[in-house]
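# Coordinate inspection notes
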Amino acid sequence: MNMPKEDIAKRDLVSTAQEAGLPVHVTGRDLINRQTDRNEKVFQAFRDIRSQIVRRGGTKLTMVSSVVDSAGATFVSVNLATTFAMQVGSQAIVVDCNFGEPGVGEFLGLENEVGLSDYLLEAEKPAIRDIVQATPVRGMLAVTTGTVDDLTEHITSPRLPGFFVDLQDAFPSAHIIVDAPCTKMAADVRILSSYCGQVILVVPYGRATASRVEDAKKTIDGEKLAGVVFNQQPG
Amino acid sequence: MNPNIEQFARTMLHELNAKKCIVLGVFAVVSVIAMIIGNSLPKQYTSSSTILVERRDIIGPLMDGAAETTDVRDLSTIVRELAFSRRSMETILREGGWLDDDPSLVEQELLMQDIQDATKIDKSGSNLIFINYKDSDPERAYLVTRLYTDWVIQESAKAKQRESERAFEFIDKQTQEYHQKLLQAEEALKQFRTENMEALPESASEVNSRATKLSRDIEQVRLELAEAEVRATSLEAQLNGEAEITGNLTREAIIRERITELQKELDTLRLSYYDTYPDIVVLRGQIDGLMEKLASDSSNESLVYSMPEGTEEESSDSAAVFSPLYQSLRSELSKNQTLQQTLKTRLREMETILQTEIERGRRIADSEAEQTELIRDYEVNDDIYQDLLKRRERARLSMNLSKEEQGFAMKLQEPPALPLAPEGIRFIHVVAAGFVVGIGLPIGLLFLLVRFDPRIRWERRISEELALPVLAAIPLMDTAAVKRRRAASTATFWIGIAAVTGIYGTVGWLKYNGMI
């Protein structure tokens, strides 16, 4: 059949979403697909990351943070989750904890009416299933930030640890990728990392000095630091 | 950690591509600035002429090295003095149109200074002079150079003329001076000869021979006198009855005695004078004469003046007095006395004459020295005079030659030309430089960026310097956004290229048509 790629994805999406009973949205962004050589390399890179994470043998919670703003942490987290989801029989959930600059929802073209903030702050705590959304990628789910109020601190919310527990209970086999703020927000990063098994630092090409990376290194517990993803490297 | 060359180059290319619009922008700005600068450059036109210098001194060859001319001043200095002289500069100011604005005297001075500053006068080798003048107006450049050249050649011809005239005057004066000296010497010689009439070269030997003859005669006379005296003595002795007197008075002895005397005298004189001295010559003549006599007399028997024996027995006085022998003796004696007198007188006269001759001889010797001196003086002056006459003619010839400008000091080797193209840095040079800088500058800046920017551009820095494991390096993805950005950037870039090309083309066309 000569169906365009997007339609194929949509079909997958629909079937997944219908299974999960979740709302369905179509993406406008390109995700990794193996159509071009360049993207093949990217795909392989993510597979490498995936296998190194797995080999590490920590919990299924991985945090992705960046050393500077807009380094591509969202890109890395979403695509890493995609890579996990592409494994047959695997599931992945990407959680957007970057309340300062939420990007996951936009990246995947998802609605942001209901998200993590609702869980953390609403008087009446919604169910996990209510905030988890299906994505165009088969086997991958996402939790957006929800409506964010600048003044309120989310990460220090006492409900956060419970959220991760509930999430893991609901999806026990899923790999959870947390899209964290950049390491400038040292406190937030530390808190989030405490819930995760490993941390990935995203260093973008040509935008981060060595000293910044050093500082980032100090912020994160050495044991949990899985490594660095060097992003946007020119060919 | 330092990247290797390949990594560095790849990063450079990436940056170049990523920032190509900025690079182009810098290039465009630099180009435009270069064009503006190049356009506003003052155009300078240079006109130049070459002068050949043939002979630089006049006196030298005429004096044949006697007067040394040293090239104390540089040839180009001389030409510069000529070219920058007051009259020359005034002519230039006037002809060049600088006086049209009616500038004040101070301004005129400044203008002259400016013109001189824009003029270069150099020598090349020992024979060529270059005159160079720079101006913003090509016609004026040509005009001024021509004025300089004409002036220099004209003035140097005049100078040469003056010099050869001076040279001629100098030699002429010298000739006249020596002519005077020559006349004086001639006069002195004539005077001298007149005063010393007998001072003829031959008289010296004449005098000598006369003196010699005289001295011989004197000796002869002396000899005869001595003879007579002896005879007188013996006669007296005989008369007095002293017959014992037998003296072996030989003539030979007398002669020998005299020779010894003369020899002594000769030796004394020889201490003070040369053998050619008249007194000495005379003495030697005398000695020689006596020696001859000695030789001739030796063949004769020696005359012994001996008294006849028996006369000592003569006792009676008066009886003997009146004997015929006594009478004859007596008359002989008186004859002898007379003879002696005569001889003595003759001797005195002759000695006087001899003295005179000797005196004369001395005078001749003295004056001969003086005459030689005068003759030498005359001859030397004559030589110089003859020489000067020749030189004067040569100087005259040279002066006439230069009058007709057959022989010249400076000749125009290459006339000045009207400059068609400006000198030095021109519009095209500046624009070309701008082009190069426009490319080089941004690339250079990018190089500095890649080299010295502390931000991480290479994976190895993370793994080595920071000791963090790199899980993966994600290459830049061809996402739609990236593609869009790239397309926009490329489009801008090519529009920029077109714009810059358009600018270059337009400016080039305008320049070519002389519109700017």
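Please read these numbers as outputs of a predicted model, since none were measured by experiment. (Residues numbered from 1 in each chain as written. Chains lettered and ligands numbered in written order. Predicted model: local features only at pLDDT ≥ 70, side-chain atom pairs only at ≥ 80, totals over all residues. Heavy atoms only, no water.)

## Overview of the overall build of chain B
How we decide: By the criteria applied, helices consist of DSSP H or I runs no shorter than four residues and strands consist of E runs no shorter than two, each listed in order from the N terminus. By the convention used here, residues are in contact when the closest approach between their heavy atoms is within 4.5 Å. Residue exposure ignores everything except the shown protein chains as possible cover, and the areas themselves are Shrake-Rupley values with a 1.4 Å probe.
Scanning chain B for helices and strands turns up 15 helices and seven strands. Long-range pairs, those at least 24 residues apart, make up 83% of the contacts in chain B with a sequence separation of at least 6. Carbon and sulfur atoms make up 55% of the accessible area of chain B, which amounts to about 31100 Å² in all.

## Examining the sheet that holds strand 5 (residues 174–179) of chain A
Short version of the rule: DSSP-based pairing: two strands are paired if at least 2 bridges between them are found. Note on method: axes are straight lines fitted to C-alpha atoms, helices fitted across the in-contact stretch only, with angles between N-to-C directions ranging 0 to 180 degrees.
If you trace the eight strands from one edge of the open sheet to the other, you get 3(A)-4(A)-2(A)-5(A)-1(A)-6(A)-7(A)-7(B), paired in mixed fashion. The open sheet has two edge strands with one neighbour each: strand 3 (132–134) of chain A together with strand 7 (470–475) of chain B. Neighbour-to-neighbour, the strand axes of this sheet turn through a mean angle of 25°, independent of strand direction. As defined by bridge partners, strand 6 (residues 198–204) of chain A adjoins strand 7 (residues 225–233) of chain A across six bridges and the pair is classed as parallel. Within the sheet, the bridge partner assigned to V203(A) lies in strand 7 of chain A and is F230(A).

## Quick notes on the nonpolar core
Under the convention used in this document: Within this scheme, the nonpolar core is defined by two criteria: the residues are buried Ala, Val, Leu, Ile, Met, Phe, Trp, Tyr or Cys, and they are joined through side-chain atoms within 4.5 Å. Under the scheme applied here, a residue whose accessible area is under 20% of the maximum for its type counts as buried, over 50% as exposed, and between as partly exposed, the area being computed with a 1.4 Å probe on protein chains only.
I49(A) and F163(A) are the most contacted members of the largest nonpolar core, which has 80 residues in total. With eight residues, helix 3 (residues 73–86) of chain A is the single largest residue contributor to this core.

## A closer look at the pattern of salt bridges
Residue and element names in this part refer to chain B. This is how the line gets drawn: A side-chain nitrogen of Lys or Arg and a carboxyl oxygen of Asp or Glu constitute a salt bridge if their distance falls within 4 Å.
Considering all chains together, one arrives at 31 salt bridges over all chains under this definition. Put simply, R362 and D279 hold a salt bridge, and the shortest N to O gap is 2.5 Å. With R362 in helix 12 (residues 324–403) and D279 in helix 10 (residues 278–299), this residue pair connects regions lying 83 residues apart in the sequence. You can call R362 partly exposed: its relative accessible area is 26%. Between R376 and E373 there is a salt bridge; the shortest N-O distance is 2.9 Å. Placement of both R376 and E373 in helix 12 is noted, with a separation of three residues, approximately one turn of the helix.

## Considerations on the interface of chain B and chain A
For clarity, the cut-off: Accessible area that two parts lose when put together, evaluated with a 1.4 Å probe and summed over both, is termed the buried area. Definition of a polar contact: a pair of N or O atoms within 3.5 Å, with one able to donate and the other able to accept a hydrogen when the atoms are protein atoms, and with sequence-neighbouring residues admitted only if both atoms are side-chain atoms.
Contact residues are listed per partner, giving 28 residues for chain B and 35 residues for chain A. Of the roughly 2800 Å² buried where chain B meets chain A, counting both sides, 65% is carbon and sulfur surface. On the surface where chain B and chain A come into contact, there are zero salt bridges. Along the contact surface separating chain B from chain A lie twelve residue pairs in polar contact (both at pLDDT 80 or more).

## Thoughts on the environment of G285(B)
Checked against the element boundaries, G285(B) lands in helix 10. Look past the residues within four positions of G285(B) in its chain and what remains in contact with it is T212(B), S215(B) and R216(B).

## Section: helix 3 of chain A
Selection criterion: Each residue after the first adds 1.5 Å to the expected span of a helix.
Its 14 residues place the ends of helix 3 of chain A 20 Å apart at the C-alpha level, agreeing with the 20 Å of an ideal helix rising 1.5 Å per residue. Burial analysis of helix 3 of chain A places 13 of its 14 residues in the buried class, the great majority of the element.

## Focus: the side chain of T62(A)
Residues and elements named next belong to chain A. The residue T62 is located in strand 1 (residues 61–66) in this model. A polar atom in the side chain of T62 sits 3.0 Å from the side chain of Q198. Beyond its immediate stretch of four places on either side in the chain, T62 contacts I53, I176, I177, V178, C196, Q198 and I200.

## Some details on the packing of aromatic side chains
Note the threshold: Between the rings of Phe, Tyr and Trp (Trp by its six-membered ring), a pair exists once the centres lie within 6.5 Å; its type follows the angle of the planes, with under 30 degrees stacked, over 60 edge-to-face, and the other angles tilted. Charge-over-ring contacts are defined here by two conditions on Lys NZ or Arg CZ: a distance within 6 Å of the ring centre and an angle within 35 degrees of the ring normal.
Counted according to the given criterion, the structure contains twelve aromatic pairs over all chains. Ring centres of F27(B) and F435(B) lie 5.2 Å apart, and the angle between their planes is 85°; this geometry places the pair in the edge-to-face category. Taken as a pair, F27(B) in helix 2 (residues 20–39) and F435(B) in helix 13 (residues 427–452) lie far apart in primary sequence, 408 residues in all. One aromatic cluster is present, formed by Y119(A), F163(A), F164(A) and Y195(A) through successive ring pairs. Lying across the ring of Y178(B), K181(B) places its NZ or CZ 4.4 Å from the centre. We note K511(B) situated over the ring of F427(B); from NZ or CZ to the ring centre the distance is 4.4 Å.

## Here's the deal with the environment of R363(B)
For R363(B), the location among the structural elements is in helix 12. Considering only alpha carbons, one finds R363(B) and A204(B), 159 residues apart in sequence, at a separation of 9.5 Å.

## Digging into the confidence of the model for chain A
The test is simple: pLDDT is a per-residue confidence score from the predictor, ranging from 0 to 100.
Looking at chain A as a whole, its pLDDT mean stands at 81, while 83% of the residues score no less than 70. Within chain A, helix 1 (residues 5–20) of chain A has the poorest average pLDDT of any element, 45, and strand 1 of chain A the best, 94.

## What about unusual backbone geometry?
Despite not being glycine, Q232(A) shows a phi value in the positive range, around 65°. Tracing the backbone shows Q232(A) in strand 7. Backbone geometry places D102(B), a non-glycine residue, at a positive phi of 60°. Within the fold, D102(B) resides in the loop between helix 5 (86–95) and helix 6 (105–117).

## Some details on the packing of helix 5 of chain B against helix 7 (residues 138–195) of chain B
Residue and element names in this part refer to chain B. This is how the line gets drawn: Roughly parallel covers angles under 35 degrees, roughly antiparallel covers those over 145, roughly perpendicular covers 65 to 115, and oblique covers all other angles. A crossing counts as left-handed when the near helix is turned anticlockwise from the far one by less than a right angle, and as right-handed when that turn is clockwise. For this scheme, ten residues count as nonpolar: Ala, Val, Leu, Ile, Met, Phe, Trp, Tyr, Cys and Pro. Four count as charged, namely Asp, Glu, Lys and Arg, and the remainder, Gly too, count as polar.
One can describe the packing of helix 5 onto helix 7 by two numbers: an axis separation of 10 Å at closest approach and a directional angle of 150°. When the axes of helix 5 and helix 7 are compared, the pair comes out roughly antiparallel. Between helix 5 and helix 7 lies a crossing of right-handed hand. Residues R87, S88, M89, T91, I92 and E95 of helix 5 pack against L143, V144, L147, Y148, W151 and E155 of helix 7. Residues of the contact of helix 5 with helix 7, tallied by class, amount to seven nonpolar, two polar and three charged.

## Points about the packing of helix 5 of chain B against helix 6 of chain B
Residue and element names in this part refer to chain B. In contact at an axis separation of 11 Å, helix 5 and helix 6 are set at 95° when each is read in the N-to-C sense. On the basis of their axis angle, the class for helix 5 and helix 6 is roughly perpendicular. The residues of helix 6 that touch helix 5, namely those facing R86, M89, E90, I92 and L93, are Q108, E109, L111, M112, I115 and Q116. Looking at side-chain class alone, the contact of helix 5 with helix 6 contains six nonpolar, two polar and three charged residues.

## Some thoughts on the sheet that holds strand 3 (residues 128–135) of chain B
Picture the strands of a sheet paired through backbone hydrogen bonds; they go either parallel or antiparallel. Residues and elements named next belong to chain B. Taken together, the four strands give an open sheet; going across it, the order is 2-3-1-6, and neighbouring strands pair in antiparallel fashion. Two strands bound the open sheet, and with one partner strand each, they are strand 2 (119–124) and strand 6 (410–414). Averaged over all neighbouring strand pairs, the angle between strand axes comes to 25°, with direction disregarded. In terms of strand pairing, strand 1 (residues 45–53) meets strand 3 through eight bridges, oriented antiparallel. Bridge pairing links I51 to I129 in strand 3. Helix 7 rests against strand 1, strand 2, strand 3 and strand 6 of the sheet, and its axis sits at about 15° to strand 1.

## Re the environment of L446(B)
Note on placement: L446(B) falls in helix 13. Remark: the alpha-carbon pair of L446(B) and M12(B), spanning 434 residues in sequence, is separated by 7.2 Å.

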